[in-house]
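# Architecture and fold: a report
Residues per chain are reported as follows:
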Amino acid sequence: MADLTITGEIARRLREIAEQEQRPVEDVLRAMLANYEAKSAKRDPLQDFVDAFSGKDLDISKMVRSTAENHYRKKYGDSD
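Note that this is a predicted model, so its numbers are computed, not measured. (Residues numbered from 1 in each chain as written. Predicted model: local features only at pLDDT ≥ 70, side-chain atom pairs only at ≥ 80, totals over all residues. Heavy atoms only, no water.)

Let's shift gears to the overall build of the protein. When its secondary structure is counted, the protein shows four helices and zero strands. Starting at the N terminus and ending at the C terminus, the protein contains elements arranged as α-α-α-α. Counting the 80 residues in the protein, one finds 6% classified as buried. Carbon and sulfur atoms make up 55% of the accessible area of the protein, which totals about 7,700 Å². (Helix = DSSP H or I, 4+ residues; strand = E, 2+ residues; numbered from the N terminus. Buried < 20%, exposed > 50% of the residue type's maximum accessible area, 1.4 Å probe, protein only. Areas by Shrake-Rupley, 256 points an atom, 1.4 Å probe, with all protein chains shown as cover.)

Structure follows, in structure tokens:
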């Protein structure tokens, strides 16, 4: 394990956050690192593909209805 010295504004903010949350500075840093790692983790490309075809965005009837309404409005004017 290595020792790390943090000074200045960063140290002040870390202490401030730790005091507000009533926990040690090390716990605050652990939570921040976990959050950083979670956000920077690479997603599985296959999961992106599955997500694209499993959502409500792929509701064909909704797309057809919307397209038909837009075509009708363009052809006959928007008289709603």
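A separate point is helix 1 (residues 8-21). Its 14 residues give helix 1 an end-to-end C-alpha distance of 20 Å, which sits within 8% of 20 Å, the value for a rise of 1.5 Å per residue. Following helix 1 by one or two positions, Gln22 has its phi on the positive side, about 50 degrees. (Expected span 1.5 Å × (residues − 1).)

Before going further, it helps to spend a moment on a nonpolar patch on the surface. Together, Leu46, Phe49, Val50 and Phe53 give the surface a local cluster of nonpolar side chains, amounting to about 420 Å² of exposed area. Here Phe49 shows up in helix 3 (residues 45-54). (Patch = residues over 30% accessible without salt bridge, like charges linked within 9 Å, V, L, I, M, F, W, Y side chains within 5 Å. Salt bridge = Lys/Arg side-chain N within 4 Å of Asp/Glu carboxyl O.)

The full count for this structure, using the stated rule, is five salt bridges. Of the charged contacts in the structure, one is a salt bridge between Glu16 and Arg13, with a shortest N-O distance of 2.6 Å. Here Arg13 and Glu16 lie together in helix 1, a separation of three residues that amounts to about one turn. Given a relative accessible area of 35%, Arg13 falls into the partly exposed group. Three or more residues are tied together by salt bridges with common partners; here these are Glu9, Arg12, Arg13 and Glu16.

Turning our attention to unusual backbone geometry. Here the phi dihedral of Gln22 falls at roughly 50 degrees; this positive angle occurs in a residue that is not glycine. With respect to the helices, strands and loops of the structure, Gln22 is situated in the loop between helix 1 and helix 2 (25-40). Assessed through its relative accessible area of 73%, Gln22 is described here as exposed.

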